[in-house]
Amino acid sequence: MTRSYWNINLEEMIEARVHLGHYKKRWNPKITPYILLKGKYKRRGIHIINLAKTARFLSEACYLLFDAASKKKNILIVGTKKLPEKVADSVALAGIRARCHYVNKKWFRGMLTNWSITRRRLLKLWDLKFLEKRGKFNFLRKRDAAILKRKLSTLETYLGGIKYMKKLPDIVIIIDQEREYIALRECIILGIPTICLIDTNCDPDLVDIPIPANNKDTVSIRWILNKLVSAICEGNSRYIKREPF
């Protein structure tokens, strides 16, 4: 069954600058099949991504996410890029809209491979939120209350996107392979399927579903995320419809 968000429009991709890769001197030879190498497609020394491949892999990723969401599997979005601006905000909004987990500030080494430690941090976060909600901080000395409030703020900032995650994710979406390499390696070690935006400086062999796209531009990232999130939302609605009442 064809769905509107899987009808990938070439003009929309060009308008969102999805096709613009890195400078030729920064390219990864393994990305060659995803690049249009003819001279007329090279612009100011920048490789141009083959959008036919982008559409193919993006559609495949959408089908995978739709199926996963319809079975209520855990999906995690990882994107901690500080530049360009508002990428972290886009990741948070995508996670909230899709009702899935996200990490958009900092990836702590061992967040998945040392899940028991991460789980303890999450429990600490919930304990502090409970104390704050019940007004317990008011009965402590100002110095002790300030320490606990600072600890709560830090945990909320860095772990707030995964505070409802009770187990390891079933699928991980990664915005930038180069920046989120530690997260990608942890997924590989644990055998967690990954969907990753790969620019012309990335290695597609490390990812289960590579989506060749410009990951340096906020507009391009938002466009790709919108397609993936739409698939997740459709899968969520299908799961809700199947639930017995």
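Just so it is clear, the model here is predicted, and its values are computed rather than measured.

K.L.:
Would you mind going over the overall build of the chain in detail, with residue names and values included?
P.N.:
Along its length, the chain carries 7 helices and 8 strands. The C-alpha radius of gyration computed for the chain amounts to 20 Å, which stays within 12% of the reference 18 Å derived for 245 residues, consistent with globular compactness. Along the three orthogonal principal directions, the C-alpha set of the chain runs to about 70 × 50 × 30 Å. Considering the chain as a whole, with its 245 residues, one finds that 50% of them fall into the buried category. Sequence separation of at least 24 residues holds for 70% of the intrachain contacts in the chain that already meet a minimum separation of 6. Roughly 13400 Å² of accessible area belongs to the chain as shown, and the carbon and sulfur atoms make up 52% of that amount.

K.L.:
Now, about the sheet that holds strand β3 (residues 46-49): what can you tell me, with residues and values included?
P.N.:
A sheet is described by the order of its strands in space; here 3 strands give the open sequence β1-β3-β2, paired in antiparallel fashion. In this open sheet, the two edge strands, each paired with only one partner strand, are β1 (20-23) and β2 (35-36). By the bridge criterion, 2 bridges tie β1 to β3 in an arrangement that is antiparallel. Within the sheet, the bridge partner assigned to L20 lies in β3 and is I48.

K.L.:
Lay out the confidence of the model for the chain in plain terms, naming residues and giving numbers.
P.N.:
If pLDDT is low for a region, its predicted coordinates should not be looked at in detail. Per-chain confidence: the chain averages 87 in pLDDT, with 90% of residues scoring 70 or above. Across residues 38-43 the pLDDT falls below 50, and counting only partners more than four positions away or on other chains, this stretch makes 8 contacts in the model.

K.L.:
Break down helix α4 (residues 115-133) for me, citing the residues and quoting the values.
P.N.:
Between the first and last C-alpha of α4 there are 27 Å, a value that for 19 residues agrees with the 27 Å anticipated at 1.5 Å per step. Among all positions in α4, only W115, T118, L122, L125 and L128 are buried. Seen from one end, α4 has its buried residues packed into an arc of 140 degrees, which puts them on one side. The inward-facing, buried residues of α4 abut α5 (142-159). Two residues or fewer past α4, G135 is found with a positive phi of approximately 75 degrees.

K.L.:
Summarise the packing of α4 against α5; cite the residues concerned and give the values.
P.N.:
Running from N to C, α4 and α5 point in directions that differ by 130 degrees, and their axes come no closer than 10 Å. Judged on the interaxial angle alone, α5 and α4 are oblique. The chirality of how α4 crosses α5 is left-handed. Where α4 approaches α5, its residues R121, L122, K124, L125, L128, K129 and E132 are matched on the opposing element by L148, K151, L152, L155, E156 and L159. Grouping the amino acids of the contact of α4 with α5 by side-chain chemistry returns 7 nonpolar, no polar and 6 charged.

K.L.:
Describe the layout of surface pockets, and please don't skip the residues or the numbers.
P.N.:
Reported here for the largest pocket is a volume of approximately 390 Å³. Forming the walls of the largest pocket are 18 residues, and the residues nearest its centre are G95, A98, R99, C100 and H101. Among the secondary structure elements, those contributing two or more residues to the lining of the largest pocket are α3 (87-98), β5 (101-103) and α7 (218-242). With 3 residues, α3 is the largest single contributor of residues to the lining of the largest pocket. Split into classes, the residues belonging to the lining of the largest pocket amount to 8 nonpolar, 6 polar and 4 charged.

K.L.:
So what about the side chain of T194? Which residues, and what values?
P.N.:
As for its placement among the helices and strands, T194 is situated in strand β7 (residues 194-198). With sequence-adjacent residues up to four places away left out, T194 is seen in contact with V172, I174, L184, C187, L206, V207, D208 and I209.

K.L.:
I'd like to hear about the sheet that holds strand β6 (residues 171-174), residue by residue, with values.
P.N.:
The strand order β5-β4-β6-β7-β8 describes an open sheet built from 5 strands, whose pairing is parallel. Edge strands, defined here as strands with exactly one partner in the open sheet, are β5 and β8 (209-212). In this sheet, neighbouring strand axes are inclined to one another by 15 degrees on average, regardless of whether the strands run parallel or antiparallel. Taken together, the 3 bridges between β6 and β7 define a ladder with parallel strand orientation. The residue bridging V172 from the neighbouring strand is T194, located in β7. Along the sheet, α3 contacts β4 (75-78) and β5; its crossing angle with β5, the most-contacted strand, is approximately 170 degrees.

About the criteria used
- Residues numbered from 1 in each chain as written.
- Predicted model: local features only at pLDDT ≥ 70, side-chain atom pairs only at ≥ 80, totals over all residues.
- Heavy atoms only, no water.
- Helix = DSSP H or I, 4+ residues; strand = E, 2+ residues; numbered from the N terminus.
- Rg over C-alpha atoms; globule rule 2.2 N^0.38 Å.
- Buried < 20%, exposed > 50% of the residue type's maximum accessible area, 1.4 Å probe, protein only.
- Contact = heavy atoms within 4.5 Å.
- Areas by Shrake-Rupley, 256 points an atom, 1.4 Å probe, with all protein chains shown as cover.
- Pairing = 2+ DSSP bridges.
- pLDDT = per-residue confidence, 0-100.
- Expected span 1.5 Å × (residues − 1).
- Arc of directions from axis to C-beta.
- Axes fitted to C-alpha atoms, helices over the stretch in contact; angles between N-to-C directions.
- Parallel < 35°, antiparallel > 145°, perpendicular 65-115°, else oblique.
- Left-handed = near helix turned anticlockwise from the far one by under 90°.
- Nonpolar A, V, L, I, M, F, W, Y, C, P; charged D, E, K, R; others polar.
- 1 Å grid on protein atoms, 1.4 Å probe; cavity = no way out; pocket = protein on both sides within 12 Å on 5 of 7 lines; lining within 4 Å.
- Points joined across faces, edges and corners; volume = space filled by probe spheres on them.

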